[in-house]
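Now for the letters of each chain:
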Amino acid sequence: MKRILRLLGILFALTLTACSEDNESADSALQNGEETSGQGQEFDEIGSGAHLVEFPEDLEEGIVFATYDRGDIHEDIYINSEEAIEAAQNGEEFPRGTVITLVGYKDGELDQYLVMEKQEGWGSQYSPEERNGEWEYQRFTPDREVAKDNIGRCFTCHANQERDDYINSMDQLEEFDLEDVAQSKEKSGEIFGSVVPTEQWKVSEGFAHTNGINRGETRLLEAEEKSKKIQEVLLRLYIQQFKS
C-alpha cells in the first residue's frame, strides 16, 4: 500500500512539473509574439497628416487670447470657442474640434498663419513617442494657401507641453477673462474690417497702360478686390499702433 501511495506521489509531482513547463513555454511564446508584433509595426512619418487641417474660414469669429511682439514680428493667437477656454481653466483636455491659429505679421505685413486642430483619432498613425495626442498642424501663406514647410518641427516644438495638452500658451488661456470675449471679438472685427460698414465704399487704384506710361487713370475695384484692399489697409493701421 505504501509503495502504491509513493508511486502516486511521484506521478503527481511529474504531472505538476510538466504543466509548469508547458505554462512557461506558452508565456514565453506569447511574449515573443508580442515583441515581434511591436517590432514589425510601421508608423507614418510625423506630420504626414497635415493635409487634414484646413484653413479656418471662421477665423474672424474666434477669440484673441494672446498677443506677442518680438522685434519686427507681431503675433495674434486665436481660439475658436469659449468651451475650449473653459476646459483649459478647469484643468480639462481641450474638446475635439478645438482650433488654435497663430496669425503672424512681419514689418507690419501679414506673414503667415499657423493652425493646430484637434479631432478624434488624429495622430494615431504616428509612433507614441512622436505624436502630440490628437493634434495636427498646418501652415498657410498670407493668401490662405497651404505653405511648403516641414510640419514635423511643430510636433517637436509642442512635445514638451504634454501636461498642457500640447499647448504652448496655456498660461494665457488660464488667465483669460471670458467676460472680455465681446471686447476681443470687437478687436478682431476691427482688424478684419467686419465692424466697419464698407458696402458703400468706393475703392479705386491707379494703373499704367501697357506701354508703361502712367496717365493717372484709375479703376474701381470689384467687391472681392475691394474687401481685400480694405483689409490690407486696416491691418497696416492696426500693426502701426504697436510701433508708435
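Residues numbered from 1 in each chain as written. Predicted model: local features only at pLDDT ≥ 70, side-chain atom pairs only at ≥ 80, totals over all residues. Heavy atoms only, no water.

## Observations concerning the overall build of the protein
The cut-off we apply is this: Segments assigned H or I by DSSP are reported as helices when at least four residues long, segments assigned E as strands when at least two residues long, and all are numbered from the N terminus. Three labels apply to residues, based on accessible area from a 1.4 Å probe with only protein chains included: buried if under 20% of the type maximum, exposed if over 50%, partly exposed otherwise in between.
Across its full length, the protein holds 6 helices and 7 strands. The N-to-C order of helical and strand elements in the protein reads α-β-β-α-β-β-β-α-α-α-β-β-α. Of all 244 residues assigned to the protein, the portion counted as buried reaches 34%.

## Some words on helix α2 (residues 82-89)
So the rule is basically this: Comment: arc refers to directions from the helix axis out to C-beta atoms. By definition in these notes, contact holds between two residues if any of their heavy atoms fall within 4.5 Å.
Burial in α2 covers these residues: Ala84, Ile85, Ala87 and Ala88. All buried residues of α2 lie within an arc of 160 degrees about the axis, which places them on one face of the element. Against the buried residues of α2 lie β1 (63-70), β2 (73-79) and α4 (170-175). Downstream of α2 by a residue or two, Gly91 has a phi angle that is positive, lying close to 75 degrees.

## Topic: the pairing of strand β4 (residues 109-118)
To keep things clear, this is the line we draw: Strands pair, by our definition, only if DSSP identifies at least two bridges between them.
Direction of pairing for strand β3 (residues 99-106) relative to β4: antiparallel, over a ladder of 8 bridges. Across the sheet, residue Leu102 finds its bridge partner in β4, namely Leu114. Connecting β3 to the next strand, β4, in antiparallel fashion are 2 residues, including Asp107 with a positive phi near 55 degrees. As defined by bridge partners, β4 adjoins strand β5 (residues 135-140) across 6 bridges and the pair is classed as antiparallel. Counterpart to Tyr113 in the pairing with β5 is Phe140.

## Overview of the pattern of salt bridges
Keep this limit in mind: Salt bridge, as used here, is a side-chain nitrogen of Lys or Arg placed within 4 Å of a carboxyl oxygen of Asp or Glu.
Per the counting criterion, the structure on display carries 9 salt bridges. The shortest N-O distance in the salt bridge between Glu60 and Arg144 comes to 3.0 Å. In this pair, Glu60 is assigned in the loop between α1 (2-40) and β1 and Arg144 in the loop between β5 and α3 (152-159), connecting sequence segments 84 residues apart. Under the relative-accessibility criterion, Arg144 is labelled partly exposed at 25%. Across the pair Glu120 and Arg96 runs a salt bridge, and its minimum N-O distance is 3.8 Å. Taken together, the residues Glu120 in the loop between β4 and β5 and Arg96 in the loop between α2 and β3 connect sequence positions 24 residues apart. You can call Arg96 partly exposed: its relative accessible area is 48%. One network of salt bridges, in which partners are shared, links Glu93, Lys118 and Asp165.

## Quick notes on the sheet that holds β3
How we decide: Interaxial angle, 0 to 180 degrees, is taken between N-to-C directions of lines fitted to C-alpha atoms, where a helix line uses only the stretch in contact.
The sheet built from 5 strands is open, its strands ordered β1-β2-β3-β4-β5 with antiparallel pairing. Only two strands of the sheet have a single neighbouring strand rather than two, namely β1 and β5. Direction aside, neighbouring strands of the sheet carry axes that sit 15 degrees apart on average. Relative to β5, α3 is tilted by about 125 degrees, and along the sheet it contacts β4 and β5.

## Focus: the side chain of His74
The cut-off we apply is this: Counting of polar contacts relies on pairs of N or O atoms within 3.5 Å, with two restrictions inside protein: one atom must be capable of donating a hydrogen and the other of accepting it, and residues adjacent in sequence are counted only when both atoms are side-chain atoms.
By the element assignment, His74 lies in strand β2. Among the polar contacts listed, one links the side chain of His74 to the side chain of Asp69, at a separation of 2.7 Å.

## Observations regarding the layout of surface pockets
For clarity, the threshold we go by: A 1.4 Å probe that fits into a set of points on a 1 Å grid over the protein atoms alone but cannot get out defines a cavity; an open set with protein on both sides within 12 Å along at least five of seven lines defines a pocket, and lining residues are those with an atom within 4 Å of a point. Grid points are joined across faces, edges and corners, and a volume is the space filled by probe spheres set on the points. Charged residues are taken to be Asp, Glu, Lys and Arg, nonpolar residues to be Ala, Val, Leu, Ile, Met, Phe, Trp, Tyr, Cys and Pro, and polar residues to be all remaining types, Gly included.
Reported here for the largest pocket is a volume of approximately 470 Å³. If you go around the largest pocket, you meet 21 residues; those closest to its centre are Leu102, Leu114, Cys157, His158 and Asn168. Looking at the lining of the largest pocket, the elements that each hand over two or more residues are β1, β2, β3, β4, β5 and α3. For the lining of the largest pocket, the element with the most residues is α3, which contributes 4 residues. Counted by class, the lining of the largest pocket contains 12 nonpolar, 4 polar and 5 charged residues.

## Points about the environment of Arg139
Looking at where Arg139 falls in the secondary structure, it is placed in strand β5. Apart from the residues within four sequence positions on either side, Arg139 is in contact with Gln112, Tyr113, Leu114, Glu145, Val146, Ala147, Lys148, Asp149 and Ile151. Of note is the side chain of Arg139, whose polar atom sits 2.8 Å from the side chain of Gln112.

Limitation: the analysis is restricted to geometry and does not speak to function.
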